[in-house]
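Given next are the chains, with one letter for each unit.
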Protein chains: 2
Amino acid sequence: MGKNVTIVGAGLVGSLVSIYLAKKGYKVNVYERRADMRKLQMSAGKSINLALSDRGWKGLEGVGIADEIKKIAIPMYGRFLHHKDGTTGYQPYGKENQAIYSVSRADINMKLMDLAEEQPNVKIHFDKRCINIERNKLETSFEDNSTKKIETVSSDLIFGADGAFAASRLNMQLHSDRFEYKQHYIDCGYKELIIPPGENGKFLMEKNALHIWPRGSFMMIALPNPDGNFTCTLFLPFEGEKSFEKIKTKEQVTQFFNEEFPDAVPLMPTLIEDFMNNPVSSLVTVKCFPWTFDNKIGLIGDAAHAIVPFYGQGMNCGFEDCVVLNDLITKHKDDWDKIFPEYESLRKPDADAIADLAIANFIEMRDKTADPKFLLQKKIEAKFSEKHPDKWIPLYSMVTYSPHIRYSKALSEGKKQQAIMDKIMTTPNIETKWDSVEIENAILNQL
Amino acid sequence: MGKNVTIVGAGLVGSLVSIYLAKKGYKVNVYERRADMRKLQMSAGKSINLALSDRGWKGLEGVGIADEIKKIAIPMYGRFLHHKDGTTGYQPYGKENQAIYSVSRADINMKLMDLAEEQPNVKIHFDKRCINIERNKLETSFEDNSTKKIETVSSDLIFGADGAFAASRLNMQLHSDRFEYKQHYIDCGYKELIIPPGENGKFLMEKNALHIWPRGSFMMIALPNPDGNFTCTLFLPFEGEKSFEKIKTKEQVTQFFNEEFPDAVPLMPTLIEDFMNNPVSSLVTVKCFPWTFDNKIGLIGDAAHAIVPFYGQGMNCGFEDCVVLNDLITKHKDDWDKIFPEYESLRKPDADAIADLAIANFIEMRDKTADPKFLLQKKIEAKFSEKHPDKWIPLYSMVTYSPHIRYSKALSEGKKQQAIMDKIMTTPNIETKWDSVEIENAILNQL
């Protein structure tokens, strides 16, 4: 089989997989719908902060750019909680030195494009919108955004890496019998806001943390950026008592923020104009199957499995797709009749698992992070895990810091742990004896 | 608001709703992708038999064609079971005279088209493939199959009645934020076969029944046609031990049928060529929401809710959509800002319910109809229902003969009944005392 590859999409995953394939000797042409973002002023108002964690780092290490990205990433060692009454709290994300990293989507995407273009056998074509894939002929057609000319390219393999609303996947949905497909939107939307730096680029809140204002049915979060500002994201129901539909006027914005996020308001000088100008975006989960077709066409990243952002795993999961695929290319010596079936059967349960975990984590973040009982449970788990690291890794740590544990395994282990902790938490006076030998033994007995 | 309506699709539901709308004074243009079936020889090999029941009859009565259709419909009063050992059994579908009716999809569709065209304000345009709907402008574009010319029509309302793979719905999926969508294929496919008439058009099996060969993981069914033949449908897994992938050669067809359906084989002279020539088709469930957009565009029938055929309710449910819509047009005096929201909020739970019931009924038909315990349960329910018709209507009767009971209500009542019967069936010696006062009272006590 030849080694010409067409990749639809030069986003995070499209760019990274192009590098992996190039290093394996494939000749790669990447087609991107948008213009070259490296030549443009970025537009604000759409979520641009991501949390990079160990699965993502592993993907970057595989092509040798982890160190370079680390320079523009800000470690966040825990959740910094902002309560309604003005009090604050802090929950470490893992053991000492374990962190997730705030990075700008644009920065990392541009770095990946640069690196892709450094490969002699990768070429990125911009402003090319995928309009069709002829499955039988392996021909992909693109329309140029300005000339409107249609170009049709043949290749030996095609990757759809064009995101949650992938044209490549739609093509497969329309032309493949028995294609399983589901798109589900949660009831909350989000709007991006900003906390600018203080004088001399000073961070006005704790820099090395992910800030959360948990409010039960909604929340605001803030992630640090290298220039001293924080990207804030308000996650709020579209409809209902406290919702985007109820906050339409400037007065309503002021009232809502003063009531719900009093400590943030003084830090947000452009709050009202940002709120009025920035769009409300929706949050979709996409599940589909198969991910590969005729062992010639494959979906990867969000195109195969878009998830909500609440576990900070969307990009990390997509990068892990690349690592798994790369390992399988090595294992099966470029035999795509073996690579693609194993790729989709390995990754599908993991993608389903992180999709479900991400939905569940929204509830944890907006609601449970403010619940003393939940915090106590996390403390008990952390303590037990420290004493018995071979017996217990907290779910968050499995997902975030343990790339050797599959998402699907993390999900099933997490359920077992939760069942155990549900019992432990019913122990009388658990608040006073949470760090006793009795509790330790009770957990050990259940394992 | 004006009264010009565009309907995409002149299938069963598109044709029927055009008549309802015409009778309300709307000017209706119906665009059908296929050629006019009334001018063509029908192609065989695709399921053409449907089971019309009370919800469907009600839809036809509403436009005055129930009597005409009844002439070409064959009542089926029960299930006629064909066991592997050659024995047979019979299960009535309801009380005496309660039947479902075998009708040809083509016949009823052609009658509905005739009736639609009798309305002075309905025009059907054939060979027009919907390629786009401009939601904001209410413009629908169609490509002519032969000339390839594109025609764009404006109207005040648009209905998508173009079936399970609706172009209209796809358009909404692509251009509406927060559109919920799911398509799911069951693991079984189906292939159509035939039992021709005997001499002088004689039916070679019981005419007034739906024939089932239940075999656990698969089944064959046969429905009577007016000319004396039976349309047989084999429902079989795509893959696995007994599956379409395992039956590829003529020898394998012969062996499989001799083993599984010995009493049918002598009645199927063209079995092998039919099996080799006819396609294997797949079975999809489609769920989506919303069904209406800007109170100007609505989905109806399979376009809104495609279901598997095992409850015989696909057409009936689509016709019921038309009845509900018609009632709402009357109720809200042509105010579509009220009609469409109530239409989708009323019908969505009912469509979801019948979709789930249809999936469940596949298991009942292929598996439980051969189970003595299941048959006994049905007998107990029938007896109790006869004595206490105000307290108990069997689920099948609620769905099939009780248009005044919503599908969603039937589903929830059915679950309650099943919970009661699960307990009843654990009564010691239930086989001997099933029709005792003790059992009657035990059911009464649980109600």
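Model, not experiment: these values are computed from the prediction.

Student: Which residues make up the overall build of chain A, and what are the values?
Tutor: Helix and strand counts for chain A come out as 15 helices and 19 strands. The C-alpha atoms of chain A give a radius of gyration of 23 Å, which matches the 22 Å a tight globule of 447 residues would have. By its C-alpha atoms, chain A is 70 × 55 × 40 Å across when sized along the principal axes. Contacts spanning at least 24 positions in sequence make up 68% of the contacts within chain A whose residues lie at least 6 apart. When the accessible area of chain A is evaluated, it comes to approximately 19,400 Å², of which 50% is carbon and sulfur surface. Averaging the coordinates of the 57 positive side-chain charges in chain A and doing the same for the 61 negative ones gives two points 3 Å apart.

Student: Hey, could you go over the packing of helix H1 (residues 12-23) of chain A against helix H9 (residues 314-331) of chain A for me, with residue numbers and the actual values?
Tutor: Residue and element names in this part refer to chain A. Two numbers describe how H1 lies on H9: the axes approach to 10 Å, and their chain directions differ by 20°. Here H9 runs roughly parallel to H1, going by the angle between their axes. Handedness of the crossing formed by H1 with H9: right-handed. Along its contact with H1, which presents Leu-12, Val-13, Leu-16, Val-17, Tyr-20 and Leu-21, the element H9 presents Met-315, Gly-318, Phe-319, Cys-322, Val-323, Leu-325, Asn-326 and Ile-329. Here the residues of the contact of H1 with H9 sort into twelve nonpolar, two polar and no charged.

Student: Go over the interface of chain B and chain A with me, naming the residues and quoting the values.
Tutor: Each side of the interface is counted separately: chain B has 16 residues, and chain A has 16 residues. Taken over both partners, the interface formed by chain B and chain A buries close to 1,600 Å², and the fraction arising from carbon and sulfur atoms is 39%. Linking chain B with chain A are two salt bridges, by the criterion used here. Notably, a salt bridge pairs Arg178(B) with Glu239(A), separated by 3.4 Å at the nearest N-O pair. There are twelve residue pairs in polar contact (both at pLDDT 80 or more) connecting chain B and chain A. Elements represented by at least two residues in the side of chain B that touches chain A include exactly helix H5 (167-175) and strand S13 (180-195) of chain B.

Student: Please provide a residue-by-residue account of the domain arrangement of chain A, values included.
Tutor: Domain boundaries assigned for chain A yield domain 1 (4-73 + 103-183 + 284-361), domain 2 (187-282) and domain 3 (371-446). Placing a centre on the C-alpha atoms of domain 2 of chain A and another on those of domain 3 of chain A gives a separation of 32 Å.

Student: Kindly report on the relation of the copies chain B and chain A, identifying the contributing residues and their values.
Tutor: Each copy superposes on the other: chain B lies on chain A with an RMSD of 0.1 Å after a rotation of 180° and an axial shift of 0.1 Å. This pairing of chains is accounted for by a two-fold axis. Closest approach to the rotation axis within chain B is made by the C-alpha atom of Lys182(B), at a distance of 2.1 Å. Taken together, the interface assignments show that 100% of the residues at the interface of chain B recur at the interface of chain A, consistent with an identical surface on both copies.

Student: So what's going on with the environment of Gly189(A)? Which residues, and what values?
Tutor: Residues and elements named next belong to chain A. Note on placement: Gly-189 falls in strand S13 (residues 180-195). The class for Gly-189 is buried, based on a relative accessible area of 0%. A C-alpha to C-alpha distance of 38 Å links Gly-189 and Glu-386, two positions 197 residues apart in sequence.

Student: Outline H9(A), supporting the account with residue identities and numerical values.
Tutor: Residue and element names in this part refer to chain A. The end-to-end C-alpha separation of H9 is 26 Å, in line with the 26 Å expected for 18 residues at 1.5 Å each. Of all 18 residues making up H9, 14 are buried, and the element is well covered by its neighbours. Two residues or fewer after H9 comes Lys-333, characterised by a positive phi angle close to 50°.

Student: Can you tell me about the sheet that holds strand S10 (residues 139-144) of chain A, naming the residues and giving the values?
Tutor: Residues and elements named next belong to chain A. With respect to topology, three strands assemble into an open sheet ordered S9-S10-S11, the strand pairing being antiparallel. Only two strands of the sheet have a single neighbouring strand rather than two, namely strand S9 (128-134) and strand S11 (150-154). Each neighbouring strand pair of the sheet contributes to a mean axis angle of 25°, computed without reference to strand direction. Bridging between S9 and S10 involves six bridges; their strand directions are antiparallel. Pairing of Glu-134 across the sheet is with Glu-139, part of S10.

So, how was this worked out
Residues numbered from 1 in each chain as written. Chains lettered and ligands numbered in written order. Predicted model: local features only at pLDDT ≥ 70, side-chain atom pairs only at ≥ 80, totals over all residues. Heavy atoms only, no water. Helix = DSSP H or I, 4+ residues; strand = E, 2+ residues; numbered from the N terminus. Rg over C-alpha atoms; globule rule 2.2 N^0.38 Å. Contact = heavy atoms within 4.5 Å. Areas by Shrake-Rupley, 256 points an atom, 1.4 Å probe, with all protein chains shown as cover. Lys, Arg positive; Asp, Glu negative; His and termini not counted. Charge placed at Lys NZ, Arg CZ, Asp CG, Glu CD. Axes fitted to C-alpha atoms, helices over the stretch in contact; angles between N-to-C directions. Parallel < 35°, antiparallel > 145°, perpendicular 65-115°, else oblique. Left-handed = near helix turned anticlockwise from the far one by under 90°. Nonpolar A, V, L, I, M, F, W, Y, C, P; charged D, E, K, R; others polar. Buried area = accessible area lost by both parts, 1.4 Å probe. Salt bridge = Lys/Arg side-chain N within 4 Å of Asp/Glu carboxyl O. Polar contact = N/O pair within 3.5 Å; in protein donor to acceptor, adjacent residues only side chain to side chain. Domains from an automatic or database assignment. Least-squares fit on C-alpha atoms with pLDDT ≥ 70 in both. Buried < 20%, exposed > 50% of the residue type's maximum accessible area, 1.4 Å probe, protein only. Expected span 1.5 Å × (residues − 1). Pairing = 2+ DSSP bridges.

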